[in-house]
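# Structural features, examined
Residue-level listing of the chains:
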Amino acid sequence: MDTCSSTEYRRPLRFFFFSFPAFGHMIPLIDIAKLFSRRRGVSCTFVATPGNEYAVRPAIEGSTVDLLLLPFPPEAAPGSGMGENLATVPRSQHGRLLSALPALKDPFHDLLRAHRADCVVSDVHSSIMWIDDVALALGIPRILFVIVGVFPATVVETVATLPGAHDESVETLTIEEGIELPKAELSTFLSNPEIIHAIEEAKRRCFGVVFNTFYELEGRYVDRYRTKPGCPRRTFCVSPVFLSKTTSAAAAAAANRGGKIDSAGEECLKWLDSVEAEGSVTYVCFGSENEFGRQQLTSIALGLEASGYPFVWVVKKSLAEDIAGWLPEGFEERMEGRGLIIKGWAPQVAILNHRAVGAIVTHCGWNSTLEAISAGLPLATWPLQCDQFVTEKYVTQVLRVGVSACRGARLAEAVREVMGSGGAEMRQRVREYAAKAKEAVQEGGSSYKDVDNLIEEVGKYHAAGKQG
Ligand code: UDP
């Protein structure tokens, strides 16, 4: 067990975790719970609704994290068979699920009180703003978990204040010196003040913020954030959380993120084992929520074929059901032995770290971005929404570890660039970041120390007798 330097305080410190029900939020928060649970004097409990148990339980296997289930009150339950996660609920039903979430406030409050929670860690979304009220009512620190990096978070938070943001004649905003973004790509944050309000409020009321990043990846922006008026002084960068322990139990849990690995996932890892050439396969995945149209799916297939490289392509279950409707004729026969389509859920971290994989085509979800960089893989970027466009800029223009696929228009070229000899410098750079990621989570590394710092601050709060 890792040790934690600390002042004297009541032990164990009971941390409770609750996530907005989307895999992009839930997966890294489970990893953080596991990370904290390895520190001495800390106990960790993940709270989830029963419809998410199938995803949480396998991911915490082998750790000391507890799972407590919090059913929706019957009158607020989102609907039988509807599912309780944005990844499993059709987009048209997302609103129903989100509007059910506030009904969890009182049961969550009672649960934390009954278990004498010392701290609650949760992400931010307008549908779960009540977490702050619960923490304040109980007199316990609330740690805000920001699922993206500091750079995209800062851009999102400030975009509405940038010069030209509300001037219709201006089409492009400068988000950072030399980095421009079309306003259309930031429209969610420009046109929806509710999101920004939720973030500002959560920042104002929280005890501290934990970012899903590591200092060596975004140091300049972390330093700025820590001293910026309105940003919490207690800002911790603790990632890459999935890298923090490399035991066989951790490897199994990595394969089980988002639900127990299924036969398609196992088959894919076997197929990769059979590939002789190192770094020769491109992994293609657009996260847990994408809803591509038929035409886009067809063009992805053609782009991958034209790239000339072997690939593993993850296609969401709902889209795979209609595969005959969009897969180009003869594609499967032509790609036999060269390409594998996973229909459903892939063991992504295990795949990215397989020696046969050489690059990723990604939508730039922050988790996938961090997972790819930590595996030392260059990125061909194809963002789909919101913060993903900002992350694309960070990857391609600041870190220079990826190239844009221009929303699919140059998918084949982008794959050739990241996989081929032209991508050598990019690969060198991303491997350096991967090495720094590993150092960050080792004892004495920046992320390791920030976990200690966070626990210490919560401990000090309670040692000072501020608990309610
Ligand atoms: N993921 C996975 N298998 C899949 C698709 C996604 O394990 O088939 C994981 C991926 O490793 C990442 C998360 O789901 O941890 C997706 O988060 P990200 O921020 O990349 O995208 P989002 O789903 O939020 O758009």
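Just so you know, these numbers come straight off a predicted model, no measurement behind them.

Scanning the protein chain from terminus to terminus reveals 21 helices and 15 strands. Judged by the C-alpha coordinates and their principal axes, the protein chain covers about 65 × 50 × 50 Å. Residues classed as buried in the protein chain amount to 59% of the 468 residues present. Working note: accessible area of the protein chain is about 19,000 Å², and carbon and sulfur atoms make up 51% of it.

What follows is about the confidence of the model for the protein chain. For the protein chain, the average pLDDT comes to 91, and 95% of its residues sit at 70 or higher. Counting contacts from residues 1-6, a segment whose pLDDT is below 50, to residues more than four positions away or on other chains yields 22 contacts.

Residues in close proximity to the ligand total 17 residues, the closest being S288, A346, N367, S368 and E371. In the environment of the ligand, an oxygen atom lies 3.2 Å from a nitrogen or oxygen atom belonging to the side chain of Q348. At 2.9 Å from an oxygen atom of the ligand is found a side-chain nitrogen or oxygen belonging to N367. Summarising the interface, the protein chains cover 94% of the accessible area of the ligand, which totals 540 Å² for the free molecule. Mapped onto the shell around the ligand, the elements with two or more residues apiece are α1 (23-37) and α17 (366-374). A total of four residues in the shell around the ligand trace back to one element, the largest contributor, which is α17. Here the shell around the ligand is composed, by residue class, of six nonpolar, nine polar and two charged.

In this section: the domain arrangement of the protein chain. A common way to express how large an interface is: the accessible area buried when the components associate. Here the protein chain is partitioned into domain 1 (13-246 + 440-464) and domain 2 (249-437). Taking only C-alpha atoms, the centre of domain 1 and the centre of domain 2 are 25 Å apart. Taken together, the contact between domain 1 and domain 2 spans 45 residues of the former and 33 residues of the latter. The junction of domain 1 with domain 2 conceals about 3,400 Å² of combined surface from both sides, 65% of it contributed by carbon and sulfur atoms. Area buried by domain 1 at its contact with domain 2 is led by E185, L217 and F242, which between them contribute 19% of it. Applying the counting rule to domain 1 against domain 2 returns one salt bridge. A salt bridge links E185 to R407; the shortest N-O distance between them is 3.1 Å. At the junction of domain 1 with domain 2, the criterion picks out nine residue pairs in polar contact (both at pLDDT 80 or more). Only α1, α2 (53-60), α6 (150-158), β7 (179-182), α7 (187-191), α9 (215-227) and α20 (424-441) provide two or more residues apiece to the side of domain 1 that touches domain 2. Sort the elements by how many residues they give to the side of domain 1 that touches domain 2 and α1 lands first, with six residues.

The tally for this structure, following the rule as stated, stands at 16 aromatic pairs. Their ring planes at 80° and their centres at 5.4 Å tell us that F15 and F36 sit as a pair that is edge-to-face. Of this pair, F15 sits in strand β1 (residues 13-18) while F36 sits in helix α1, and the two are 21 residues apart along the sequence. Look at F15 and you get buried, because its relative accessible area is 0%.

Turning to helix α11 (residues 263-274), a few remarks are in order. For α11, with 12 residues, the first-to-last C-alpha span of 17 Å sits near the 16 Å given by 1.5 Å per residue. When we look at burial in α11, the residues that qualify are G265, C268, L269, W271 and L272. For α11, the angular spread of buried residues about the axis comes to 160°, placing them on one side. Away from the buried face of α11 by more than 90 degrees, exposed residues S263, K270 and S274 are located. The secondary structure elements touched by the buried residues of α11 are β10 (281-285), β11 (311-315), β12 (339-343), α16 (348-352) and β13 (357-362).

Core analysis: the largest hydrophobic core is formed by 111 residues, its most contacted members being F15, F17, F36, F46, L272 and Y283. Here the element with the most residues in this core is α1; it accounts for nine residues. Taken domain by domain, the makeup of this core includes at least three residues from each of domain 1 (13-246 + 440-464) and domain 2 (249-437). In this view, F17 contacts L29, I32, A33, F36, C44, T45, F46, V47 and V121; residues no more than four positions away in its chain are not counted. Counting residues in each nonpolar core, the second largest holds 30 residues, with A301, V315, A405 and V415 among its members.

In this section: the UniProt feature "transmembrane region" (unreviewed entry) in the protein chain. Summarizing the sequence annotation, UniProt attributes the feature "transmembrane region" (unreviewed entry) to residues 15-33 in the numbering used throughout. Structurally, residues 15-33 is divided into 58% helix and 21% strand, and its ends, taken at the C-alpha atoms, are 8 Å apart.

Further remarks concern the sheet that holds strand β15 (residues 402-404). Read from one edge to the other, the open sheet built from six strands follows the order β12-β11-β10-β13-β14-β15, with strand pairing classed as parallel. Either end of the sheet is taken by a strand with one partner, and the two such strands are β12 and β15. Ignoring strand direction, the axes of neighbouring strands in this sheet form an average angle of 20°. Pairing of β10 with β11 involves three bridges; the strand directions are parallel. Note on β11: the bridge partner recorded for T282 is F311. The strands that helix α12 (residues 294-307) touches are β10 and β11; relative to β11, the one it contacts most, it runs at about 170°.

With that settled, the discussion passes to the side chain of E457. One can find E457 in helix α21 (residues 446-463). Those residues in contact with E457, other than ones at most four positions away along the chain, are F207, R233, R234 and F236.

Definitions and cut-offs
Residues numbered from 1 in each chain as written. Predicted model: local features only at pLDDT ≥ 70, side-chain atom pairs only at ≥ 80, totals over all residues. Heavy atoms only, no water. Helix = DSSP H or I, 4+ residues; strand = E, 2+ residues; numbered from the N terminus. Buried < 20%, exposed > 50% of the residue type's maximum accessible area, 1.4 Å probe, protein only. Areas by Shrake-Rupley, 256 points an atom, 1.4 Å probe, with all protein chains shown as cover. pLDDT = per-residue confidence, 0-100. Contact = heavy atoms within 4.5 Å. Near = heavy atom within 4 Å. Polar contact = N/O pair within 3.5 Å; in protein donor to acceptor, adjacent residues only side chain to side chain. Nonpolar A, V, L, I, M, F, W, Y, C, P; charged D, E, K, R; others polar. Domains from an automatic or database assignment. Buried area = accessible area lost by both parts, 1.4 Å probe. Salt bridge = Lys/Arg side-chain N within 4 Å of Asp/Glu carboxyl O. Phe/Tyr/Trp six-rings, centres within 6.5 Å; stacked < 30°, edge-to-face > 60°. Expected span 1.5 Å × (residues − 1). Arc of directions from axis to C-beta. Core = buried A, V, L, I, M, F, W, Y, C linked by side-chain atoms within 4.5 Å. UniProt positions renumbered as here; feature names shortened; annotations may be inferred. Pairing = 2+ DSSP bridges. Axes fitted to C-alpha atoms, helices over the stretch in contact; angles between N-to-C directions.

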